[in-house]
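The lines below spell out each chain.
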Amino acid sequence: MLNRCLQAAALAALFLPAPALAEPLTFSVASIDGSATASLNESFATSGTISLGEITLSGAGSTIELAVEGLPARANVLFELIVHGATSTWNTLRAEVLDPLDTDDGLDVTPYGAGVPDGFSTSNTRDGLSFAQSAGLERSASFAGGSATVTADEETNAADALVFSGLAEAPGAVRVVFGLRDYDGGRNFLVKLSSEDPIANPEPASMLLLGTGLAGLAAVRRRRRAASEEATNN
């Protein structure tokens, strides 16, 4: 009976919301690829939802890697990030946790892809880093008039990722909310944010052909109408 109580208490502690941060929490830009920019906050609230700042991913294939350090052990911490650039440019935002290379990478699916920087690995189910898996924290990407569809890849050893789809409909900024947990606490790891699924825009020549075709259809309709009216009058 005592053992069961201790196990239940340990499980409950794992999924408690984050307490006030006891040590400095830092987020910094580790790398930027493509037409991306970042403006991160220099200080953070010590409790509640933590606002990270803003990033811009101007085109599909843009990537920002954020270095995270100072998460309390076993705490689930909720973050929000304002993302610009999706409107009519790309449709999907992918967020992925990248784990520092160490002794807990034995379950990783290798070889790692080209998007994994030196010194880091994809996150597996036993390394203790996640988007606060099973904690019940909010995961969303909302914008004026709608929100994204959110799917998670966190049950396998291939990756720990969140995918936000349907962002091409956003008329402006997107508010992205997600949780993070570092079971050991204090580790330096990465959150990689990538824009995917480009939205095809018609080429100028295609637009010209389309306009010419519509004009031709209108002319045909006018000729048919005139012929019909002439036949009726006769």
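Note: the structure precedes this text.
Residues numbered from 1 in each chain as written. Predicted model: local features only at pLDDT ≥ 70, side-chain atom pairs only at ≥ 80, totals over all residues. Heavy atoms only, no water.

## Overview of the overall build of the chain
This is how the line gets drawn: For the purposes of this entry, the term helix denotes a DSSP run of H or I that reaches at least four residues, the term strand denotes a run of E that reaches at least two, and both are numbered from the N terminus. Exposed residues in this analysis have more than 50% of their type's maximum accessible area, buried residues have under 20%, and partly exposed residues fall in between, with area computed by a 1.4 Å probe over protein chains only. Any pair of residues with heavy atoms lying within 4.5 Å of one another is described as a contacting pair. Only the protein chains shown count as covering a residue, and every accessible area follows the Shrake-Rupley method with a 1.4 Å probe.
From N to C terminus, the chain includes 2 helices and 14 strands. Buried residues in the chain amount to 38% of all 234 residues. When contacts within the chain are restricted to residue pairs at least 6 apart in sequence, long-range pairs at least 24 apart make up 76% of them. Summed over its atoms, the accessible surface of the chain is roughly 12600 Å², and 54% of this surface lies on carbon and sulfur atoms.

## Section: the side chain of Ser130
Formally: In the analysis that follows, any N or O atom pair within 3.5 Å is treated as a polar contact, provided that within protein one partner can donate a hydrogen and the other can accept it, and provided that, for residues neighboring in sequence, both atoms belong to side chains.
Here Ser130 is to be found in strand 8 (residues 129–130). Polar contacts involving the side chain of Ser130 include one to the main-chain amide nitrogen of Gln133, which spans 3.1 Å. Non-local contacts of Ser130, meaning those with residues more than four positions away in its chain, are made with Val97, Asp160, Gly179, Leu180 and Arg181.

## Notes on the packing of aromatic side chains
Which entries qualify depends on this criterion: Between rings of Phe, Tyr and Trp, where Trp is taken as its six-membered ring, a pair exists when centres lie within 6.5 Å; planes separated by under 30 degrees are stacked, by over 60 edge-to-face, and by other angles tilted. Should the NZ of a Lys or the CZ of an Arg lie within 6 Å of a ring centre and within 35 degrees of the ring normal, that charge is described as sitting over the ring.
Under the definition given, this model contains 4 aromatic pairs. Between the aromatic rings of Phe131 and Phe178, the centroid separation amounts to 5.8 Å while the plane-to-plane angle is 90°, which identifies the pairing as edge-to-face. With Phe131 in the loop between strand 8 and strand 9 (140–143) and Phe178 in strand 13 (residues 174–182), this pair connects stretches of sequence that are 47 residues apart. Ring-pair connections join several aromatic residues into one group, and the members of that group are Phe27, Phe44, Phe79, Phe131 and Phe178. In this structure, Arg74 packs its charged tip against the face of Tyr183, placed 4.4 Å from the ring centre.

## Re the pattern of salt bridges
Definition in use: When a carboxyl oxygen of Asp or Glu lies within 4 Å of a side-chain nitrogen of Lys or Arg, that pair is called a salt bridge.
The final tally for this structure, using the stated rule, is 6 salt bridges. Across the salt bridge formed by Glu80 and Arg175, the nearest N and O atoms sit 2.6 Å from each other. With Glu80 in strand 5 (residues 76–84) and Arg175 in strand 13, the pair connects residues that are 95 residues apart, well separated along the chain. Note on Arg175: relative accessible area 31%, which makes it partly exposed. A salt bridge links Arg187 to Asp182, with the shortest nitrogen-to-oxygen separation between them at 2.8 Å. Assigned by exposure class, Arg187 and Asp182 land together as buried. A cluster of three or more residues bridged by salt bridges with shared partners is formed by Asp104, Asp182, Asp184 and Arg187.

## A closer look at the environment of Val68
Tracing the backbone through its elements, the reader meets Val68 in strand 4 (residues 63–69). Val68 sits in the buried class, given a relative accessible area of 0%. Separated by 42 residues in sequence, Val68 and Thr26 place their C-alpha atoms 5.8 Å apart. Discounting residues that sit within four places of it in the chain, Val68 has contacts with Leu25, Thr26, Phe27, Arg187, Asn188, Phe189 and Val191.

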